[in-house]
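# Structure at a glance
If you want the building blocks of each chain, they are given just below.
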Amino acid sequence: MHRNNGVCFTSSSFKIPLPSPSQTLASPLSRARHSLFQLLHSLRNRSLPPTTSAHSSLLCCSSLSLTAQTYNLVNAPLLCSASLSLSQPNSPDSTQSGSEVPQKGQSTTAGRYDEERVLISEVLVRNKDGEELERKDLEMEALTALKACRANSALTVREVQEDVHRIINSGYFSSCMPVAVDTRDGIRLVFQVEPNQEFHGLVCEGANVLPSKFLEDAFRDGHGKVVNLKRLDEVINSINGWYMERGLFGLVSGVDIFSGGIIRLQVAEAEVNNISIRFLDRKTGEPTKGKTKPETILRQLTTKKGQVYSMLQGKRDVDTVSTMGLMADVSIIPQPAGDAGKVDLVMNVVERPSGGFSAGGGISSGITSGPLSGLIGSFAYSHRNLFGRNQKLNISLERGQIDSIFRINYTDPWIEGDDKRTSRTIIIQNSRTPGTLVHGNQNDNSSLSIGRVTAGIEFSRPLRPKWSGTAGLIFQHAGARDEKGNPIIKDFYGSPLTASGKPYDDMLVAKFECVYTGSGDQGSSMFAFNMEQGLPVMPEWLFFNRVNARARKGVEIGPTRLLLSLSGGKVVGNFSPHEAFAIGGTNSVRGYEEGAVGSGRSYVVGSSEVSFPMLGPVEGVIFADYGHDLWSGPSVPGDPAGARFKPGSGYGYGFGIRVDSPLGPLRLEYAFNDRQAKRFHFGVGHRN
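All figures in this text were calculated on a predicted structure; none of them were measured in a lab. (Residues numbered from 1 in each chain as written. Predicted model: local features only at pLDDT ≥ 70, side-chain atom pairs only at ≥ 80, totals over all residues. Heavy atoms only, no water.)

## Let's talk about the overall build of the chain
The helix and strand inventory of the chain stands at nine helices and 32 strands. Classification of the 688 residues of the chain by burial places 44% in the buried group. Within the chain, contacts between residues separated by at least 24 positions form 59% of all contacts whose residues are at least 6 apart in sequence. As presented, the chain carries roughly 35,300 Å² of accessible surface, and 56% of it is formed by carbon and sulfur atoms. (Helix = DSSP H or I, 4+ residues; strand = E, 2+ residues; numbered from the N terminus. Buried < 20%, exposed > 50% of the residue type's maximum accessible area, 1.4 Å probe, protein only. Contact = heavy atoms within 4.5 Å. Areas by Shrake-Rupley, 256 points an atom, 1.4 Å probe, with all protein chains shown as cover.)

Pasting the structure below:
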């Protein structure tokens with residue numbers, strides 16, 4: 001947040017100090033009640049001492065107490081209270097009202113006169129000199145605040161005290177003194193009040209992140225008007241609420257009213273003094289030595305020294321450190337710093353094991369032909385924290401009856417010295433995948449596969465909130481092989497399998513991708529745009545341009561969720577036939593085999609799903625898909641779609657269930673297509 005320079009006013013040095021928090025109302029009210037009882041007793045018997053004037057005034061002064069808890073960061077309201085000190089003029093006790101101690105037996109007197117009523121003939125509001133108020137609106141505010149004190153009414157001591165508090169609590173007056181005057185027509189009760197000053201300026205100190213406009217809007221309506229302490233209390237609560245809504249450690253710690261109507265607000269904001277990392281043992285919870293370098297964790301934090309600490313920002317920092325994949329548990333503990341008004345942050349982290357060997361198995365999503373064709377075995381070695389800098393190394397081998405992938409992947413999630421959070425990934429991969437997506441099975445029941453050797457480097461960084469970008473350079477050496485692993489350049493129909501006419505095509509591809517993600521879950525909004533440009537560095541290398549875009553939007557409708565998705569792409573130039581867009585299958589148009597709708601230079605696929613909860617982790621789904629190659633199938637070298645009589649367009653619909661599992665959602669779906677064919681689809685994870 002930007003720092004608030006604010007507006008500063010100059011004023012005289014007169015200040016209304018804040019009383020100490022130890023002040024209470026008990027002792028002053030006790031003395032006030034006793035003095036009032038004595039006066040009422042003398043008025044009742046009409047036997048005042050000779051030293052008492054005919055106008056025996058009952059004096060009551062009130063002191064304003066504005067206090068705020070200095071370290072309550074949740075709610076620190078401005079507390080207003082009025083304490084009363086009552087005495088009779090010319091009485092020996094009046095000079096000692098500040099030190100008067102109730103004598104034995106006074107409580108009995110108080111109890112007797114507490115409910116005794118005295119007839120009041122007239123009630124007036126005057127200034128502290130006994131004169132009429134210049135502002136009649138303030139006089140009406142005071143009279144309106146009175147509840148019990150009315151002309152020709154019999155009042156008790158308690159009722160007078162309560163009305164004094166009501167006048168003070170109206171917020172317009174800094175003091176109120178009830179004066180009882182004995183006249184020939186009866187007792188006249190005069191409330192001598194002192195109005196607050198008119199507001200003419202504001203000084204706010206210590207508010208570095210509070211916007212100036214917020215303060216201007218809060219005090220704009222009060223300029224030139226009498227300061228209302230009740231309204232001032234509301235403004236202070238709104239300022240404290242502004243900090244609380246944003247999770248910021250800040251509040252109004254003090255209020256001063258200077259002569260000339262200048263209000264000074266003192267704001268306490270807890271700035272971050274220091275941030276430290278504390279590693280805890282996974283088993284004992286005791287502090288231990290960590291493998292991760294502290295600076296690797298600290299650079300992930302958006303909270304910095306000198307900032308006002310935000311609990312919401314701290315929570316985001318905890319989530320960011322958790323997503324690094326290194327920590328089993330992360331928490332932030334704020335602690336008071338040595339300097340007043342500052343806070344130290346201690347981040348407690350529990351590290352996960354750095355990595356090791358693993359083995360497992362799975363099912364290739366979308367492969368459903370053959371009893372064992374979809375089974376995959378895997379073996380991997382991974383290290384997620386190389387050199388203590390969160391750098392990751394993965395070496396994996398996946399092998400199935402058809403698929404085979406050997407991959408070496410090295411990732412540095414944040415290049416040292418870069419302030420844009422740029423990551424770097426180096427990839428080396430040797431893979432073999434079925435060629436059935438584009439070329440299908442041969443008429444002689446033979447099959448072909450596509451072998452690829454790939455090496456490249458990619459750089460990624462966040463562009464804006466929820467937006468990320470990736471750029472890279474990738475070299476690929478790819479060609480087709482028969483069942484025995486021998487290179488082939490034509491399929492059963494005589495269609496070419498490479499663009500160059502050689503057993504392998506070579507290409508150097510410049511890649512750019514931009515991705516927008518909403519909340520990150522499958523039902524949120526998503527948009528991805530991908531572009532690949534073949535660079536003909538060598539004359540025989542392929543020269544082409546390929547673009548692809550995907551969009552998804554989820555809408556909650558009661559207990560159900562509607563998910564709409566749309567994807568499309570186009571490729572121009574000289575490219576390998578097996579790189580054509582394949583339409584149909586588990587992740588495309590359900591109801592068809594993989595790639596059975598079409599394969600072309602262009603395509604568009606739309607899908608809609610309605611999912612609803614059923615039982616525990618099981619949910620049901622109803623779906624409909626449609627895909628089209630935009631009449632681009634014949635433009636693919638060798639027209640593999642036309643040779644296999646692919647329709648080029650088609651739709652499917654059906655229903656299914658999904659179950660949450662540690663591997664991701666398990667999807668079992670039954671679909672019908674527009675050619676009256678039916679098909680089961682099984683997949684692991686969300687659809688692409």
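The structure having been displayed, the exposition proceeds.
## Considerations on the sheet that holds strand β4 (residues 153–155)
Strand order in the open sheet made by the four strands is β4-β3-β6-β5, with mixed pairing throughout. Unpaired on one side and paired on the other, β4 and β5 (173–183) mark the two borders of the sheet. For this sheet, the mean angle separating the axes of adjacent strands, direction not counted, is 45°. Two strands pair when backbone bridges link them, and strand β3 (residues 118–127) and β4 are joined in this way by three bridges, in the antiparallel orientation. (Pairing = 2+ DSSP bridges. Axes fitted to C-alpha atoms, helices over the stretch in contact; angles between N-to-C directions.)

## Some remarks on unusual backbone geometry
Glycine aside, negative phi is the norm for most residues, and most peptide bonds take the trans geometry. Located in the positive-phi region is N152, a residue other than glycine, with phi close to 60°. The residue N152 is located in the loop between α3 (136–145) and β4 in this model. Phi at Q676 takes a positive value of approximately 60°, unusual for a residue other than glycine. Its location among the elements puts Q676 in the loop between β31 (666–673) and β32 (678–684).

## A word on a nonpolar patch on the surface
There is a patch of nonpolar side chains on the surface, built from M614, L615, I657, L668, F680 and F682 and spanning about 600 Å² of accessible area. For the nonpolar patch, the secondary structure elements donating two or more residues are β28 (602–615) and β32. Along the chain, the position of L615 falls in strand β28. (Patch = residues over 30% accessible without salt bridge, like charges linked within 9 Å, V, L, I, M, F, W, Y side chains within 5 Å. Salt bridge = Lys/Arg side-chain N within 4 Å of Asp/Glu carboxyl O.)

## A look at the pattern of salt bridges
Enumeration according to the criterion identifies 29 salt bridges in this entry. Residues R166 and E162 are paired through a salt bridge, measuring 3.8 Å at the closest nitrogen-oxygen approach. Of the two residues, R166 and E162 are both situated in helix α4 (residues 157–169); the distance of four residues between them amounts to about one turn of the helix. Take E162: its relative accessible area is 34%, and that puts it in the partly exposed class. Between R264 and D256 there is a salt bridge whose closest N-O contact spans 2.4 Å. You'll find R264 and D256 in the same group, each marked buried. Connected via shared salt-bridge partners are R590, E609, D625, R658, R667 and E669.

## Looking at the pairing of strand β10 (residues 271–280)
Inspection of the sheet shows β10 paired to strand β13 (residues 342–351) by eight bridges, in the parallel sense. Bridging from a neighbouring strand, N274 pairs with D344 of β13. Where β10 meets strand β11 (residues 287–288), two bridges bridge the pair, whose relative direction is antiparallel. From the neighbouring strand, F279 faces β11, where its bridge partner is T288. Between β10 and β11, which follow one another and run antiparallel, lie six residues, and G285 among them has a positive phi close to 75°.

## Brief notes about α4
Spanning 13 residues, α4 covers 18 Å between terminal C-alpha atoms, matching the ideal 18 Å at 1.5 Å per step. Turning to α4, its buried residues number three or more, namely V157, E159, V160, Q161, D163, V164, H165, I167 and I168. Downstream of α4 by one or two residues, G171 has phi in the positive range, about 90°. (Expected span 1.5 Å × (residues − 1).)

## A few points about the sheet that holds strand β9 (residues 262–269)
In space, the three strands of this open sheet follow the order β7-β9-β8, with mixed pairing throughout. Taken across any chain shown, the strands that pair with only one partner, and hence form the sheet edges, are β7 (201–205) and β8 (250–258). Averaged over neighbouring strand pairs, the angle between their axes works out to 20° when direction is ignored. Inspection of the sheet shows β8 paired to β9 by eight bridges, in the antiparallel sense. Considered in β9, the bridge of F258 is made with I262. Lying on the sheet, helix α6 (residues 229–245) is in contact with β8 and β9; it crosses β8 at an angle near 155°.

## Quick notes on the pairing of β28
Bridging between strand β25 (residues 560–573) and β28 involves ten bridges; their strand directions are antiparallel. Across the sheet, residue L566 finds its bridge partner in β28, namely G606. Note that β28 and strand β29 (residues 618–628) share eleven bridges and pair antiparallel. Paired with S608 across the strands is A624, a residue of β29.

## Notes on the nonpolar core
Counting residues in each nonpolar core, the largest one holds 24 residues, and the members touching the most others are F219, I239, Y243, I263 and L265. Where this core is concerned, the elements lending two or more residues are α5 (212–219), α6, β8 and β9. Tallying contributions element by element places α6 first for this core, with seven residues. In contact with F219, not counting residues within four places along its chain, are F199, L202, L232, V235 and L265. Residues L138, I168, L189 and F191 belong to the second largest nonpolar core, which totals 23 residues. (Core = buried A, V, L, I, M, F, W, Y, C linked by side-chain atoms within 4.5 Å.)

## As for the environment of E458
Tracing the backbone through its elements, the reader meets E458 in strand β19 (residues 449–464). Once the C-alpha coordinates of E458 and R424 are considered, the two residues, 34 residues apart in sequence, prove to be 5.8 Å apart. There is a polar contact of 3.1 Å between the side chain of E458 and the side chain of K511. (Polar contact = N/O pair within 3.5 Å; in protein donor to acceptor, adjacent residues only side chain to side chain.)

## Overview of the side chain of S576
The topology assignment puts S576 in the loop between β25 and β26 (581–583). A relative accessible area of 0% means that S576 is categorised as buried. In this structure the side chain of S576 is engaged in a polar contact, spanning 2.6 Å, whose partner is the side chain of D505.

## Regarding the packing of α5 against α6
Interaxial distance between α5 and α6 falls to 11 Å at its minimum, and their mutual angle equals 155°. One way to sum up the angle between α5 and α6 is to call them roughly antiparallel. Crossing of α5 over α6 shows right-handed handedness. Across the interface between the two elements, F214, L215, A218 and F219 of α5 pack against R231, L232, V235, S238, I239 and W242 of α6. The class makeup of the residues in the contact of α5 with α6 is eight nonpolar, one polar and one charged. (Parallel < 35°, antiparallel > 145°, perpendicular 65-115°, else oblique. Left-handed = near helix turned anticlockwise from the far one by under 90°. Nonpolar A, V, L, I, M, F, W, Y, C, P; charged D, E, K, R; others polar.)

## So, α5
For α5, the full list of buried residues reads L215, A218 and F219. Buried residues of α5 fall within an arc of 80° about the axis and therefore sit on the same side. Looking at the buried side of α5, the elements it contacts are β7, α6 and β9. (Arc of directions from axis to C-beta.)

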